[in-house]
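# A look at the structure
The lines below spell out each chain.
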Amino acid sequence: MTPTLAVLGAGPKAVAVAAKSAELRAMGVPAPDVVVVERTGVGANWTAAGGWTDGEHRLGTSPEKDVGFPYRSALVPRRNAELDTAMMRHSWQSYLIATGQFAEWIDRGRPAPTHQRWSQYLGWVAENVALQVISGEVTKLAVQDEQWLLQTHEQTVCADAVMITGPGQ
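Residues numbered from 1 in each chain as written. Predicted model: local features only at pLDDT ≥ 70, side-chain atom pairs only at ≥ 80, totals over all residues. Heavy atoms only, no water.

### As for the sheet that holds strand β6 (residues 156-159)
- Reading across the sheet, the 3 strands line up as β4-β5-β6 and stay open at both edges, with antiparallel pairing between neighbours. At either end of the open sheet lies a strand with only one pairing partner, and these are β4 (140-144) and β6. Averaged over neighbouring strand pairs, the angle between their axes works out to 25° when direction is ignored.
- In this sheet, strand β5 (residues 147-151) lies alongside β4 in antiparallel orientation, the contact comprising 5 bridges. (Pairing = 2+ DSSP bridges. Helix = DSSP H or I, 4+ residues; strand = E, 2+ residues; numbered from the N terminus. Axes fitted to C-alpha atoms, helices over the stretch in contact; angles between N-to-C directions.)

This is the structure in structure tokens:
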């Protein structure tokens with residue numbers, strides 16, 4: 001049975017973990033199913049909806065530090081280069097190519113994207129890896145019969161492990 005990793009918050013870390021897990025499974029390597037519990041949306045803290053930015057500010061970190069960065073996997077002996085190559089499908093450059101923005105980005109000197117654009121990139125990756133996002137806010141976290149239970153107002157998510165991300169409380 002495939003274990004489940006529940007992640008609180010659908011930001012860059014959650015999207016990166018989900019992408020790597022999806023690529024490992026595509027390679028035939030056991031990896032957990034990733035389920036994210038998020039109250040607003042994928043990459044919400046990079047938009048006005050998340051309450052941390054208006055979305056118009058420029059990203060302070062180079063966008064090449066994307067969900068696959070640093071592309072130095074050490075998870076699968078003798079196949080790490082294959083994993084890194086697979087993760088390139090989810091790179092910032094791949095996003096720009098897929099959305100017809102790559103040439104303009106290069107021609108303009110590779111400017112830092114706005115927070116809103118970064119959120120759109122994260123959403124693109126999440127969609128490409130079929131990230132399962134449970135809408136809601138976790139109100140209770142408990143362990144029962146060796147499983148984590150993440151309770152929202154609407155439902156309970158069961159998982160074998162939990163990862164907490166983001167700037168929340």
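Read on for the rest.
### Focus: the packing of aromatic side chains
- Following the criterion strictly, the structure yields 9 aromatic pairs and no others.
- A ring pair is formed by F102 and W105, whose centres lie 6.2 Å apart and whose planes are at 40°; its orientation type is tilted. On the criterion of helical spacing, the pair formed by F102 and W105 is a turn pair, its members being 3 residues apart in helix α4 (residues 102-107).
- By relative accessible area, which is 29% here, F102 ends up partly exposed.
- Residue W105 is classed as buried on the basis of its relative accessible area of 7%. (Phe/Tyr/Trp six-rings, centres within 6.5 Å; stacked < 30°, edge-to-face > 60°. Buried < 20%, exposed > 50% of the residue type's maximum accessible area, 1.4 Å probe, protein only.)

### Some points on the side chain of E38
- Among the structural elements, E38 can be located in strand β2 (residues 33-38).
- Here the side chain of E38 touches A10 through a polar contact of 2.8 Å, landing on its backbone nitrogen.
- Non-local contacts of E38, meaning those with residues more than four positions away in its chain, are made with G9, A10, A44, V133, I134, S135 and G136. (Polar contact = N/O pair within 3.5 Å; in protein donor to acceptor, adjacent residues only side chain to side chain. Contact = heavy atoms within 4.5 Å.)

### Topic: helix α1 (residues 12-26)
- An ideal rise of 1.5 Å per residue puts 21 Å on 15 residues; α1 measures up with 21 Å between its terminal C-alpha atoms.
- All of the buried residues along α1 are A14, V15, A16, A18, A19, S21, A22, E23 and L24.
- Tucked into the core, α1 has its buried residues touching β1 (4-8), β2, α2 (80-87), α5 (115-128) and β7 (161-164).
- Downstream of α1 by one or two residues, G28 has phi in the positive range, about 85°. (Expected span 1.5 Å × (residues − 1).)

### What to know about the pairing of β6
- Because side chains alternate across β6, one face comprises the buried residues V157 and A159, and the other comprises T156 and C158, none of which is buried.
- If you look at the hairpin formed by β5 and β6, you'll find 4 residues sitting between the two strands.

### Looking at the nonpolar core
- The biggest cluster of nonpolar side chains holds 33 residues, and the ones touching the most others in it are Y121 and L131.
- Broken down by secondary-structure element, the contributors of at least two residues to this core are β1, α1, β2, α2, α3 (92-98) and α5.
- It is α1 that contributes the most residues to this core, 7 residues altogether.
- Once you skip the residues sitting within four places of it in the chain, Y121 turns out to touch D66, V67, H90, S91, W92 and Y95.
- Counting 8 residues, the second largest nonpolar core, distinct from the first, contains A6, V35, I134 and L150. (Core = buried A, V, L, I, M, F, W, Y, C linked by side-chain atoms within 4.5 Å.)

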